[in-house]
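# Observations on the model geometry
Residues per chain are reported as follows:
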Amino acid sequence: VTITTRLLVSHLSGIRHYEKDITKVKEEKEKANRAFKLTKPYQDKEHNEESGKGIEKTDSVKPRKEHEGEVKRRNSKPGRSYKEFEQEEYYLKEKFGSVIESLKIFKNDPLFFKPGDQFLYSTYGFTLLSAVVERASGQKFTDYMLKMFRDLDMLSTVLDDNEAMIYNRARCYVYNKKGRLVNAPYVDNSYKWAGGGFLSSVGDLLKFGNALLYSYQAGQFKNTHSKLLPGYLKPDTVAMMWTPVPRTEVSWDRDGKYAMAWAVVEKKQQYGCCRQQRHYASHTGGAVGASSVLLILPEELHSDAINSGLVAPPRGVIVSIICNMQSVSLNSTALKIAREFDKEKWAQ
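The notes below deal with the structure included here. If you're wondering where the values come from, they're calculated on a predicted model, not measured in any experiment.

Tallying each qualifying case throughout the model produces twelve aromatic pairs. Taking the centre distance of 4.0 Å and the plane angle of 20 degrees together, the rings of tyrosine 18 and tyrosine 90 count as stacked. Remark: tyrosine 90 occurs in the loop between α4 (70-76) and α5 (99-102) and tyrosine 18 occurs in the loop between α1 (5-9) and α2 (22-51); sequence separation between them is 72 residues. We classify tyrosine 18 as buried; its relative accessible area is 2%.

Okay, structure coming up:
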């Protein structure tokens, strides 16, 4: 088979995640699909109630919570572990000298399906992607990324290296089986730098989001193009990254599809005076003892504002949340915050 970098970045490669048993993976997918069918009507109803001005929230949204998927139920209750974090490979303590070396964990394992056929989120797919970056750039992947972080002024973003003295490094927590908060176990993330091996701050993630949003919008401001510095990426590159890829899905946002390392919700409105879906991009993060989300809600730019030269990119709302506790669902919270700031801006 042929596995391309596009397949890797969209999780269509067929490479496994932490679960090695394909039967269990299929069972979990079926459960998630059944849960989605049950929650969809209630999600739509709740959204309509939240969108209406002056409408009081009632108990009518409670059934939706009772029918939510197994994964979310486990995340929301202390002491009931998120099943994925029961996988042994989350807790590796071996230190790997390079991303090429860490490929040995999964390189001899069979693919779960033919590349391009099905979506399966895979941290190891991103490990292979980091090896591609290393060989293409001629630099160690970690050196390449740290230089990029410097370019982006993300000076607080570093490798999660246990031996290094990192100022302001937060202690991470998990709930034990008795529902008590305890320190997260020791792990070494050198086997998955690209898929969850960096430490960052809320401020740095906001810088990252603004750099992407600037790059995305820079090409739209044609009258001020000569006055604007170029974006870190070309506008077409970000647009490609934020274009949904067929046959993908997103577990943390049912409105979205997976694109290239981002979950994307497209702008859509099927009926007049009914639910309107805004365009935004997001991604959550989950690790031993930590949870995070970065959400980018671009402003809907009007041609008169763009042509006036009075506004410049980036225009929109960036929400970043980092939590030093495991299995915390943050995407819906980030979206609500983004919508409130967006609503407030238009009210002014």
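Within the open sheet, the five strands sit side by side as β5-β6-β7-β8-β9. Their pairing is antiparallel. Pairing within the sheet leaves two strands with one partner each, and these edge strands are β5 (257-258) and β9 (316-323). Inspection of the sheet shows β5 paired to strand β6 (residues 263-265) by two bridges, in the antiparallel sense. Counted as the bridge partner of tyrosine 258 is alanine 263 from β6. Running over the sheet, helix α9 (residues 202-218) touches β8 (290-298) and β9 and is turned about 150 degrees from β9.

Next up on the list: the pairing of β9. Extensive coverage of β9 is indicated by the burial of six of its eight residues. Relative to β9, β8 runs antiparallel, the two sharing eight bridges. Looking at the pairing, leucine 295 lines up with valine 319 of β9.

The rules behind each value
- Residues numbered from 1 in each chain as written.
- Predicted model: local features only at pLDDT ≥ 70, side-chain atom pairs only at ≥ 80, totals over all residues.
- Heavy atoms only, no water.
- Phe/Tyr/Trp six-rings, centres within 6.5 Å; stacked < 30°, edge-to-face > 60°.
- Helix = DSSP H or I, 4+ residues; strand = E, 2+ residues; numbered from the N terminus.
- Buried < 20%, exposed > 50% of the residue type's maximum accessible area, 1.4 Å probe, protein only.
- Pairing = 2+ DSSP bridges.
- Contact = heavy atoms within 4.5 Å.
- Axes fitted to C-alpha atoms, helices over the stretch in contact; angles between N-to-C directions.

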